[in-house]
Amino acid sequence: MHTGSNDETPSEATSSTITATVVSDGGTAGAEGADDVTLDPWGSSAVSDYEKLFTEFGIETFDDVLPSVPNPHYLMRRGVVFGHREYGPVAEALRNNDPAAALSGFMPTGDPHIGHKLVFDEIIWHQQRGADAYALIADLEAHAARGLTWSEIDEHARNYLLSLLALGFDPESGEIYRQSENRKLQNFAFELGSKANFSEFEGIYGFDSETNVAYMQSVITQMADILYPQLEEPKPTVIPVGPDQDPHVRFARDLAARMRFFKVTEAYASFELTDSERELVTAVYDERELYAEDASRPRCAEAATWLTDHLMISTGESGERVEGSENTQDGDTHISIDTVGIVVPDTVVESTIEKLENAGMEPLRPRVRFLDANATDEAFDALITAIEGEKRRYDEHIDAFELSAADATELAREVETNHGGYGFVAPSSTYHRFMTGLTGGKMSSSVPASHISLLDDPEKGYEKVKAATTGGRETAEKQRELGGKADECPVYELFAYLLANDDDLLVTEVYDECVSGDRLCGNCKEQAAELMQAFLEEHQEKRKEVQSLLDDLDISLTSDRRSIAPGDTTDTDSTDNEDN
Ligand code: TRP
Ligand code: SF4
């Protein structure tokens with residue numbers, strides 16, 4: 001997330017400067033140039049620049065958490081799962097056998113294909129490591145956002161579930177549901193709706209006055225899906241999805257926070273600080289020996305004076321306080337605090353100094369603060385009683401002077417759950433790369449040759465691979481001389497994402513032989529095509545075997561809802577979002 005000018009907005013979903021937006025004609029609003037990356041849950045799922053997802057959207061690289069994941073899945077090891085939001089707590093829970101959950105949802109708009117398999121595999125992997133696993137059929141969304149009829153939805157739903165079960169999802173320990181049938185989910189979605197405003201739907205998704213209401217209901221239903229694993233008890237929960245779903249994840253993280261009884265922050269005095277103001281005050285507090293008459297009791301006013309005297313504006317055209325020569329971004333003030341130097345926008349410096357000055361002789365003293373957000377009176381009172389050590393009670397908050405931030409967070413959750421609250425942990429996510437289409441470009445269900453359905457005839461699958469575009473050179477001689485371009489080859493991707501399964505050696509072998517020119521595309525595709533055929537044969541065999549598991553599920557695959565085509569006022573670009 002950005003620090004600085006917009007950190008007054010506590011909302012993760014709305015504070016991003018580039019927000020994924022869908023406009024009512026199905027186009028993507030906010031795309032100013034071809035290079036702009038937008039994350040659009042209902043639009044194109046091609047991502048041209050994964051790098052930008054880190055820098056512009058604050059998605060973290062999966063490499064950072066990989067070492068803490070116990071026996072990572074091959075999709076994680078190979079960088080197919082490339083990003084995450086706060087996956088650390090989930091990895092930790094898996095390591096310690098603590099409660100954790102994994103949930104993802106599938107819009108039954110067509111046949112399940114090899115892109116969906118990535119997500120099936122991720123859910124199943126978490127389940128096998130002890131997490132509560134959930135898979136849901138997003139039929140309300142398919143109906144509202146894609147306009148599918150209920151009989152179409154029923155058929156597709158069946159096919160998704162058979163593949164999920166065939167790949168190893170255990171329905172005994174896990175839960176499968178359809179949005180349309182889950183009363184508990186819908187009740188909760190209704191509650192969540194009271195925390196979400198229409199303006200956010202506009203800001204995050206580009207909804208406008210023409211957007212049909214069912215579409216909005218399907219969004220709030222997805223928010224409920226994401227928090228569903230925590231309805232009984234809070235626990236780290238991962239939502240494995242494609243990056244196009246990130247706007248949903250951010251919104252759900254916001255809503256989870258808004259449902260909490262208390263917000264825990266850190267403060268230094270009676271007034272509130274934004275994140276960047278706090279960073280500055282922390283730095284100033286650390287230097288208290290330099291300016292406080294009594295270092296055990298630095299005063300806000302002393303800090304304000306000292307801070308004012310130690311500012312260096314390096315870009316300032318205004319000139320007044322220019323002392324330094326460091327290059328900072330335009331408009332930023334470089335604050336040199338002896339050895340510590342931090343760069344903060346001057347608006348933050350000004351507001352911080354003002355707050356410190358206004359507090360005058362009040363001591364500057366670190367503390368954790370519990371802000372009352374939705375707490376009942378009893379919960380508020382119970383929290384006060386539960387806080388150990390020195391504490392101070394105000395109207396809307398409680399300050400505790402002897403608690404660490406981590407202990408405070410835990411205590412707040414405990415009091416909340418003991419008093420009828422949910423105590424949600426912010427949901428985590430992982431993001432996987434989208435597979436390249438077999439014909440080059442992106443995979444799209446409207447171009448059957450571009451993707452392989454899990455229902456494709458095995459021979460058909462063989463043929464599609466044989467006909468795939470490659471990263472090979474024009475001639476065999478050139479290939480031997482220059483090597484192939486495995487990084488741009490959909491066939492190589494098939495090995496890495498699916499065909500090699502757990503066999504990392506095979507993936508490395510294909511790659512190395514390809515780029516060194518030892519491997520030619522004809523044989524390479526033959527090998528891949530055979531593996532694909534075998535995979536499809538085996539998978540379809542398993543689908544037959546799990547038929548009885550499906551029949552045993554407490555889920556209806558014959559909706560008795562009547563279909564009236566929804567208004568066509570929403571996104572009409574319904575064909576290309578195939579890889580979540
Ligand atoms: N919106 C998702 C899609 O387009 C489906 C979905 C619904 C989902 N609820 C979810 C995904 C919850 C992850 C978590 O396919
Ligand atoms: Fe792709 Fe295989 Fe050809 Fe390399 S040899 S470009 S991996 S098909």
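Residues numbered from 1 in each chain as written. Chains lettered and ligands numbered in written order. Predicted model: local features only at pLDDT ≥ 70, side-chain atom pairs only at ≥ 80, totals over all residues. Heavy atoms only, no water.

A.B. asks: I'd love a proper account of the overall build of the chain, names of residues and values included.
C.D. replies: Within the chain, the regular secondary structure consists of 22 helices and 14 strands. In the chain, 74% of the contacts between residues at least 6 apart in sequence involve partners at least 24 apart. Element-wise, carbon and sulfur atoms account for 45% of the exposed surface of the chain, whose accessible area totals about 25,300 Å². (Helix = DSSP H or I, 4+ residues; strand = E, 2+ residues; numbered from the N terminus. Contact = heavy atoms within 4.5 Å. Areas by Shrake-Rupley, 256 points an atom, 1.4 Å probe, with all protein chains shown as cover.)

A.B. asks: Describe the nonpolar core, with residues and values.
C.D. replies: Counting residues in hydrophobic clusters, the biggest one holds 70 residues, and the most contacted among them are Y87, F169 and M532. Tallying contributions element by element places helix α19 (residues 490-499) first for this core, with eight residues. Here F169 is in contact with I123, I124, Q127, A133, Y134, A135, L164, G174, E175 and I176, once residues within four sequence places are set aside. (Core = buried A, V, L, I, M, F, W, Y, C linked by side-chain atoms within 4.5 Å. Buried < 20%, exposed > 50% of the residue type's maximum accessible area, 1.4 Å probe, protein only.)

A.B. asks: So, the packing of helix α8 (residues 183-193) against helix α10 (residues 213-227): which residues are in play, and what are the values?
C.D. replies: Put simply, α8 and α10 touch, their axes get as near as 8 Å, and they point 110° apart. Taken together, the axes of α8 and α10 lie roughly perpendicular to each other. Two packed elements cross with a definite hand, and for α8 against α10 that hand is right-handed. Between α8 and α10, the contacting residues are L185, F188, A189, L192 and G193 on the first element and I220, T221, M223, A224, D225 and L227 on the second. (Axes fitted to C-alpha atoms, helices over the stretch in contact; angles between N-to-C directions. Parallel < 35°, antiparallel > 145°, perpendicular 65-115°, else oblique. Left-handed = near helix turned anticlockwise from the far one by under 90°.)

A.B. asks: An account of the confidence of the model for the chain is requested, with residue identities and associated values reported.
C.D. replies: Overall, the predicted model of the chain reaches an average pLDDT of 88, with 85% of residues at or above 70. Across residues 1-35, confidence stays below pLDDT 50; counting only partners more than four residues off in sequence or on other chains, it has 83 contacts. Across residues 568-580, where pLDDT falls below 50, the model places 63 contacts with residues more than four positions away in sequence or in other chains. (pLDDT = per-residue confidence, 0-100.)

A.B. asks: How would you sum up the packing of aromatic side chains? Please name residues and give values.
C.D. replies: If you walk through the whole model with that rule in mind, you get 24 aromatic pairs. For the ring pair Y268 and Y285, a centre distance of 5.4 Å and an interplane angle of 45° mean the geometry is tilted. On the criterion of sequence distance, the pair formed by Y268 in the loop between β7 (262-267) and α12 (275-286) and Y285 in helix α12 is long-range, its members being 17 residues apart. Taking the relative accessible area as the measure of exposure, Y285 reaches 13% and is therefore buried. Three or more aromatic residues joined by ring pairs form one cluster here, namely W42, F201, Y205, F207, Y215 and F251. (Phe/Tyr/Trp six-rings, centres within 6.5 Å; stacked < 30°, edge-to-face > 60°.)

A.B. asks: A description of the sheet that holds strand β11 (residues 367-372) should follow, citing residues and the corresponding values.
C.D. replies: One open sheet accounts for four strands, arranged β7-β11-β13-β12; its pairing is antiparallel. Whereas interior strands pair on both sides, the edge strands pair on one side only; in this sheet they are β7 and β12 (391-393). On average, each strand axis in the sheet is inclined to that of its neighbour by 20°, with strand direction left out of account. Of the strand pairs in this sheet, β7 and β11 are connected by six bridges, and their pairing is antiparallel. When the bridges of β11 are listed, V264 appears paired with F370. (Pairing = 2+ DSSP bridges.)

A.B. asks: Can you tell me about the side chain of Q533, naming the residues and giving the values?
C.D. replies: Residue position: Q533 is located in helix α21 (residues 521-545). In this view, Q533 contacts P458, E459 and Y462; residues no more than four positions away in its chain are not counted.

A.B. asks: Describe the site of ligand 2, with residues and values.
C.D. replies: With respect to spatial proximity, the complete set of residues near ligand 2 consists of T470, G471, G472, Q479, C489, V491, Y492, C514, R519, L520, C521 and C524. Broken down by secondary-structure element, the contributors of at least two residues to the shell around ligand 2 are α19 and α21. Looking at side-chain class alone, the shell around ligand 2 contains seven nonpolar, four polar and one charged residues. (Near = heavy atom within 4 Å. Nonpolar A, V, L, I, M, F, W, Y, C, P; charged D, E, K, R; others polar.)

A.B. asks: Please provide a residue-by-residue account of the pairing of strand β14 (residues 428-432), values included.
C.D. replies: Of all five residues making up β14, five are buried, and the element is well covered by its neighbours. Residues S428, T430 and H432 point to one face of β14 and S429 and Y431 to the other, with burial holding for every one of them. In this sheet, β14 lies alongside strand β2 (residues 81-85) in antiparallel orientation, the contact comprising four bridges. Following the sheet pairing, H84 is matched in β14 by T430. Judged from the four bridges that link them, strand β6 (residues 237-241) and β14 form a sheet pairing that is parallel. Of the residues in β14, the one forming a bridge with P240 is T430.

A.B. asks: How would you explain the packing of α10 against helix α11 (residues 246-258) if you had to name every residue and give the values?
C.D. replies: Between α10 and α11, the least distance of the axes is 9 Å, while the angle of their chain directions is 70°. The angle between α10 and α11 places the two elements in the roughly perpendicular class. For the element pair α10 and α11, the recorded crossing hand is right-handed. Along the contact surface, α10 presents V219, I220, Q222, M223, I226 and L227, while α11 presents H248, F251, A252, L255 and A256. Within the contact of α10 with α11, the residues separate by chemical class into nine nonpolar, two polar and no charged.

A.B. asks: Which residues make up a negative patch on the surface, and what are the values?
C.D. replies: A surface patch of negative charge is lined by D170, E172, D551 and D552. By secondary structure assignment, the location of E172 is in the loop between α7 (150-166) and β5 (175-178). Judged by relative accessible area, which is 74%, E172 ranks as exposed. (Patch = residues over 30% accessible without salt bridge, like charges linked within 9 Å, V, L, I, M, F, W, Y side chains within 5 Å. Salt bridge = Lys/Arg side-chain N within 4 Å of Asp/Glu carboxyl O. Lys, Arg positive; Asp, Glu negative; His and termini not counted. Charge placed at Lys NZ, Arg CZ, Asp CG, Glu CD.)

A.B. asks: Which residues make up the sheet that holds strand β4 (residues 132-137), and what are the values?
C.D. replies: One open sheet holds the seven strands; their spatial order is β1-β2-β14-β6-β3-β4-β5, and the pairing between them is mixed. The open sheet is flanked by β1 (60-61) and β5, the only strands paired with a single partner. Pairing of β4 with β5, which is carried by four bridges, proceeds in the parallel orientation. For Y134, the partnering residue across the bridge sits in β5 and is E175.

A.B. asks: Explain α21 to me, and be specific about the residues and the numbers.
C.D. replies: With 25 residues, α21 extends 36 Å from end C-alpha to end C-alpha; this agrees with the ideal 36 Å at 1.5 Å per step. Among all positions in α21, only C524, K525, A528, A529, M532, Q533, F535, L536, H539, Q540 and R543 are buried. In this structure, the buried side of α21 is in contact with α5 (114-128), α7, α17 (458-466), α19, α20 (504-515) and α22 (547-552). (Expected span 1.5 Å × (residues − 1).)

A.B. asks: I'd love a proper account of the side chain of Q479, names of residues and values included.
C.D. replies: Position of Q479 among the secondary structure elements: in helix α18 (residues 476-482). Among all residues touching Q479, those that are not within four sequence positions of it are G472, R473, G484, G517, R519, L520 and C521.

A.B. asks: Before we move on, could you go through the pattern of salt bridges and cite the residues and values that matter?
C.D. replies: A complete count under the given rule lists 28 salt bridges for this structure. Here D504 ties to R78 by a salt bridge, and the two come within 2.7 Å at their closest N and O atoms. Of this pair, D504 sits in helix α20 while R78 sits in the loop between α3 (74-77) and β2, placing them 426 residues apart in sequence. Here K464 ties to D456 by a salt bridge, and the two come within 2.8 Å at their closest N and O atoms. Like K464, the residue D456 is buried in the burial classification. Taken together, the salt bridges that share partners define one network made up of R77, R78, D502 and D504.

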